Amino acid sequence: MDKYRAQLWVKTDPFLVGALQLPPPSKFSMHYLRKMSTYVRTRSVEGCYPRLYWVMWRHIACGKLQLEEDTAWLYFEVFHSLSEKNAQKSLEWAEAASSCTSLEEYEKVKSKLSVDTLQFLLFLYIQQINKVSLRTSLIGDEWPSPRARSPTPDFAGQSTFLNKNWDDYSHLTFIQTHLPFLLELLLEPDQLTKSSHSSHNSLISLDAVRSLGFLFEGTVDKNRTVHLLLDLALWQPLQNRSGFSKTSNTFSLPKMQAWIRDSLVINPFGISSCIKTGRKLAWAHQVDGSNKRAKVACNSYTVPHGHRMVVMSQVHRQTLAKSSETLVDARIKIHRCNESYIYLLSPLRFVTVEKCRNSTIILGPVQTTIHVQMCDNVKVISVCQRLSLSSTTNCTFHILTPTRPLFFSGNQGVVLAPFHTHYPMLEDHMGQTGLATLPNYWDRPHLLSSENIDKNIWKMMSPREFYTFVVPFEMEGDTTEIPGGLPPAFQKAMAQRQQKTQMWQKTVKDAGLTREQRKQFQMLVEHKFNEWLIQTENRHQLDSLVPPSDATKQVAG
């Protein structure tokens, strides 16, 4: 039987993308979710099951769970963007939403959105991973245990702390602890009301096991060919272990729970594996005589599609640039980078920027979320599905996004500004990730902490301080301008600045300078420009862009 033993692991995205980094509402406890499970299963004709429509979720969330409508929409929208991976459908939704001329029309468009009911219940429950316990807040950490702490080394061979959303050991521990409750949410109403989930007679349906595929996947071979959980559970050699009955076309709940628990391993495509066994990448070259080496690793070039992960750490006073298949649909962690320029010009899945300082990060379209935390004086430029921030100081975000930026706790001096750059493949990459130019809510943040009432939390960039950004690399592609253009106020400021430049050029041309005077004038301008480069600390970026051997064309290598 061991010949056909399955290995199951917890998927990364439900926790990385789906678990919002704030304490969940108290009504997301098991007590209320159990009631919700019964409620939706008995109202299938009302748009509750097997698909839960926004209108019904709003009714449950606001009327039963006492959530604010904005909060209800946030969780629904996050799960919808996480589970909806069809780029064409995302573009169709964006077109429908952007064409609305009134709030009533927009609500009609929203009313057509639906999510998988059972998976949504699981999604709501796993928000508990960020629940703050009184004991933890007083002691400062959980009681040490072999499972509670990740042994994942960093690139220097030392242990490192990972937040729960990234830490696959935390994901595994959470599932091992809460598996009975997760399975209970999937039971039929009659079994829930009888509290028979602990009985050996409890059964779980095919749809319920299919929905568990939101959290689990697995393999039965050494090559780690990834299979859906339901396919593994129904595979003939594993049916006895998974508890499948051909007679009832259901699974035994106790056997299913035992099989999952017995088969769980750490995610082979998670960040732990990426850091410990991933391939080290050399994307950056040294500048300014720095002895520090950038540490960049990818979990593997041979991982299945949708499982790629890239971690980069300690990029110091460097310009790092890449646009290649290595990055496509990858989850990116940018960690402890300082005084650097990082260009990742490919369609990405998810990006975290953590503990970085004095750096500029230019990203290709991000299909789900850019999360920035514990950063100081960092500028992020990207098109993304969502931007979220926590504990940032004096950071600037040039963003094009169809959702409101999420401000968690601890932010100060945030500056929001419109997206202001382009590169040749940008519009193609936006199409691949299902991101459009409208709607665009870059200037409408959603403040999720009471401390955000402070007016110093954020401001919108003044058009007078606004400049466009040029990506200094040669690439193939058709995009020649900023997608969607600039907001009118910013476009007007740019036009006025261009007009002043033209007037200055005309003044110099009409001044009648001699050749010697022109030469002296040019030297003076160059001197002032070099002074500005040094004062703004942009000199090292220009130095790092000097091609050692046609480097501007190597970005796509």
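Above this text is the structure in question.
Residues numbered from 1 in each chain as written. Predicted model: local features only at pLDDT ≥ 70, side-chain atom pairs only at ≥ 80, totals over all residues. Heavy atoms only, no water.

**Considering the overall build of the chain**
Per the secondary structure count, the chain includes 19 helices and 23 strands. When each of the 557 residues of the chain is scored for burial, the buried share is 52%. Long-range pairs, those at least 24 residues apart, make up 58% of the contacts in the chain with a sequence separation of at least 6. Summing over all exposed atoms, the chain offers an accessible surface of approximately 27,000 Å²; the carbon and sulfur share of this is 52%. (Helix = DSSP H or I, 4+ residues; strand = E, 2+ residues; numbered from the N terminus. Buried < 20%, exposed > 50% of the residue type's maximum accessible area, 1.4 Å probe, protein only. Contact = heavy atoms within 4.5 Å. Areas by Shrake-Rupley, 256 points an atom, 1.4 Å probe, with all protein chains shown as cover.)

**Structural notes on the sheet that holds strand β7 (residues 244–245)**
As summarised here, the arrangement of the 3 strands in space is β4-β8-β7, forming an open sheet in which the pairing is antiparallel. Looking at the sheet topology across the chains shown, the edges are occupied by β4 (203–205) and β7. Strand direction decides the pairing type here: β4 and strand β8 (residues 250–252), joined by 3 bridges, are antiparallel. Each bridged residue has a counterpart across the sheet, and for S205 the counterpart in β8 is T250. Against the sheet, helix α14 (residues 253–263) makes contact with β4 and β8, and its axis sits at roughly 70 degrees relative to β8, the strand it touches most. (Pairing = 2+ DSSP bridges. Axes fitted to C-alpha atoms, helices over the stretch in contact; angles between N-to-C directions.)

**With respect to the nonpolar core**
The biggest cluster of nonpolar side chains holds 87 residues, and the ones touching the most others in it are M36, L52, W57, F120, F216 and W259. With near-sequence residues (within four places) excluded, L52 lies in contact with M36, V40, G47, W57, I60, F76, L113, S114, V115, T117 and F120. In this structure, L281, V353, L363 and F419 belong to the second largest nonpolar core, which totals 62 residues. (Core = buried A, V, L, I, M, F, W, Y, C linked by side-chain atoms within 4.5 Å.)

**Focus: helix α2 (residues 30–41)**
Its 12 residues place the ends of α2 16 Å apart at the C-alpha level, agreeing with the 16 Å of an ideal helix rising 1.5 Å per residue. Those residues of α2 not exposed but buried are M30, L33, M36, S37, Y39, V40 and R41. (Expected span 1.5 Å × (residues − 1).)

**Quick word on the sheet that holds strand β6 (residues 227–228)**
The pairing of strands in a sheet happens through backbone hydrogen bonds and is either parallel or antiparallel. Across the sheet, which stays open at both edges, the 3 strands sit in the order β1-β5-β6 with antiparallel pairing between neighbours. Either end of the sheet is taken by a strand with one partner, and the two such strands are β1 (7–10) and β6. Relative to β6, strand β5 (residues 216–219) runs antiparallel, the two sharing 2 bridges. Bridged to E217 within β6 is L228.

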